[in-house]
Amino acid sequence: MRTISDDVAVRLYHLGDDGAAATLVYGTLGEALALAAAQTDDVQDGLFLQTSNDVISYLDYIEG
């Protein structure tokens, strides 16, 4: 993922085992990361961050 600031607009969504994507929040990267960190490990496994030009799994993002 390209270098971005905490205030860039993102979508945080969960991709379920059935392939359905459920949006948790449209907000800033900072808001999305805080919400993602508050989720259980099972939920975090299916979380993705989407910007206007990129998508990355939450776990890949925080692991660097």
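The structure presented is a predicted model; accordingly, all values stated were derived computationally and were not measured. (Residues numbered from 1 in each chain as written. Predicted model: local features only at pLDDT ≥ 70, side-chain atom pairs only at ≥ 80, totals over all residues. Heavy atoms only, no water.)

Student: Residue-level account of the packing of aromatic side chains, with values.
Tutor: This model, assessed by the stated rule, comprises 1 aromatic pair. With a centroid separation of 5.6 Å and 20° between ring planes, the pair formed by tyrosine 13 and phenylalanine 48 is classed as stacked. Placement of the pair is tyrosine 13 in strand β1 (residues 9-15) and phenylalanine 48 in strand β3 (residues 47-50), with a sequence separation of 35 residues. Classification of tyrosine 13 by relative accessible area gives buried; the value is 11%. Over the face of the ring belonging to tyrosine 13 we find arginine 11, whose NZ or CZ atom lies 4.3 Å from the ring centre. (Phe/Tyr/Trp six-rings, centres within 6.5 Å; stacked < 30°, edge-to-face > 60°. Helix = DSSP H or I, 4+ residues; strand = E, 2+ residues; numbered from the N terminus. Buried < 20%, exposed > 50% of the residue type's maximum accessible area, 1.4 Å probe, protein only. Lys NZ or Arg CZ within 6 Å of the ring centre and 35° of its normal.)

Student: Summarise the nonpolar core; cite the residues concerned and give the values.
Tutor: Of all hydrophobic cores here, the largest spans 9 residues; its members are Val10, Leu12, Leu29, Ala32, Ala36, Leu47, Leu49, Ile56 and Tyr58. Elements with a minimum of two residues in this core: β1, α1 (29-37) and β3. When residues no more than four places from it in sequence are discounted, the contact partners of leucine 47 are Leu12, Tyr13, His14, Leu24, Ala36, Gln39, Ser57 and Tyr58. (Core = buried A, V, L, I, M, F, W, Y, C linked by side-chain atoms within 4.5 Å. Contact = heavy atoms within 4.5 Å.)

Student: Got a sec to walk through the sheet that holds strand β4 (residues 55-57)? Specific residues and values, please.
Tutor: Sheet architecture is open: 4 strands sit in the order β2-β1-β3-β4, paired in antiparallel fashion. Single-partner strands in this sheet number two, and they are β2 (21-28) and β4. On average, each strand axis in the sheet is tilted by 25° relative to the strand beside it, whichever way the strands run. Summarising the sheet, β3 and β4 pair through 3 bridges and their orientation is antiparallel. Bridge pairing in β4 places glutamine 50 opposite valine 55. Where α1 meets the sheet, it contacts β1, β2 and β3, and its direction lies at approximately 135° from that of β2. (Pairing = 2+ DSSP bridges. Axes fitted to C-alpha atoms, helices over the stretch in contact; angles between N-to-C directions.)

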